[in-house]
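# Summary of structural features
Letter by letter, the chains look like this.
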Amino acid sequence: MYYFFKIFVTALLVVAISEVSKRSSLIGAVLASVPLVSVLAMLWLYIDTRDIAKISALSTSVFWLVLPSLVLFVLLPVFLKMGWGFYLSLFTAIAATVVSYFAMIAALNHFGVKL
């Protein structure tokens, strides 16, 4: 039952942000930019494990991987303004973001940072 509660709360937040964004892109962006998913993941992990070391490791990993995730938010509007269409723009921006994740992980490994 707890598992379904976690799914419900998480899904509710995503739907709420989507609905708010229909009315105000600014308020939707503020809500979406707050790391709600990360906070919920840390909350659920803590409740499930009470393992502070795991929470700390997750938080550190999220920090390092936020940087390459920004590629999506830079490229998507660029592609849309180029007239690529929504789905092609989204797919290409996501693909570039995935490449950025791998590049960041490789760079961090090179400098001895293990995620």
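Please read all numbers here as calculations on a predicted model, not as lab measurements. (Residues numbered from 1 in each chain as written. Predicted model: local features only at pLDDT ≥ 70, side-chain atom pairs only at ≥ 80, totals over all residues. Heavy atoms only, no water.)

What follows deals with the confidence of the model for the chain. When the pLDDT values of the chain are averaged, the result is 92; 100% of them are 70 or greater. For the chain, helix α2 (residues 25-33) is the element with the lowest average pLDDT, namely 83, and helix α5 (residues 86-110) is the one with the highest, namely 97. (pLDDT = per-residue confidence, 0-100. Helix = DSSP H or I, 4+ residues; strand = E, 2+ residues; numbered from the N terminus.)

In this section: the packing of helix α4 (residues 52-81) against α5. Any two packed helices are characterised by how steeply their axes cross, that is the angle between the axes, and by the distance between the axes. Running from N to C, α4 and α5 cross one another at 155°; their axes reach a closest spacing of 8 Å. In terms of orientation, α4 and α5 fall into the roughly antiparallel class. Classified by chirality, the crossing of α5 by α4 is right-handed. Considered class by class, the residues forming the contact of α4 with α5 number 19 nonpolar, five polar and no charged. (Axes fitted to C-alpha atoms, helices over the stretch in contact; angles between N-to-C directions. Parallel < 35°, antiparallel > 145°, perpendicular 65-115°, else oblique. Left-handed = near helix turned anticlockwise from the far one by under 90°. Nonpolar A, V, L, I, M, F, W, Y, C, P; charged D, E, K, R; others polar.)

Let us look at the packing of aromatic side chains. Applying the stated criterion across every chain yields a total of six aromatic pairs. Note on Phe63 and Trp64: the rings are 5.0 Å apart at their centroids and 70° apart in plane angle, and the pair reads as edge-to-face. Judged by centre distance (4.3 Å) and plane angle (0°), the rings of Phe79 and Trp84 are stacked. Residue Trp84 is classed as partly exposed on the basis of its relative accessible area, which comes to 33%. Put simply, the rings of Tyr2, Phe5 and Trp44 touch in pairs and so form one group of aromatic residues. (Phe/Tyr/Trp six-rings, centres within 6.5 Å; stacked < 30°, edge-to-face > 60°. Buried < 20%, exposed > 50% of the residue type's maximum accessible area, 1.4 Å probe, protein only.)

Another aspect to go through is the packing of helix α3 (residues 36-49) against α4. α4 packs onto α3 with a crossing angle of 165° between their chain directions and a minimal axis gap of 9 Å. By the angle between their directions, the pair α3 and α4 is classed as roughly antiparallel. For the crossing formed where α3 meets α4, the hand is right-handed. Across the interface between the two elements, Ser38, Ala41, Met42, Leu45 and Tyr46 of α3 pack against Ile52, Lys54, Ile55, Leu58, Ser59 and Val62 of α4. Taken together, the residues that form the contact of α3 with α4 break down as eight nonpolar, two polar and one charged. (Contact = heavy atoms within 4.5 Å.)

The next point concerns the pattern of salt bridges. In the structure shown here, the tally under the stated rule is two salt bridges. Across the pair Lys6 and Asp48 runs a salt bridge, and its minimum N-O distance is 2.8 Å. Placement of Lys6 in helix α1 (residues 2-23) and of Asp48 in helix α3 is noted, with a sequence separation of 42 residues between them. Residue classification places Asp48 among the partly exposed residues on the basis of a relative accessible area of 43%. Glu19 is the salt-bridge partner of Lys22, the closest N and O atoms lying 2.9 Å from each other. Of this pair, Lys22 and Glu19 both sit in helix α1, three residues apart, which is roughly one turn of the helix. (Salt bridge = Lys/Arg side-chain N within 4 Å of Asp/Glu carboxyl O.)

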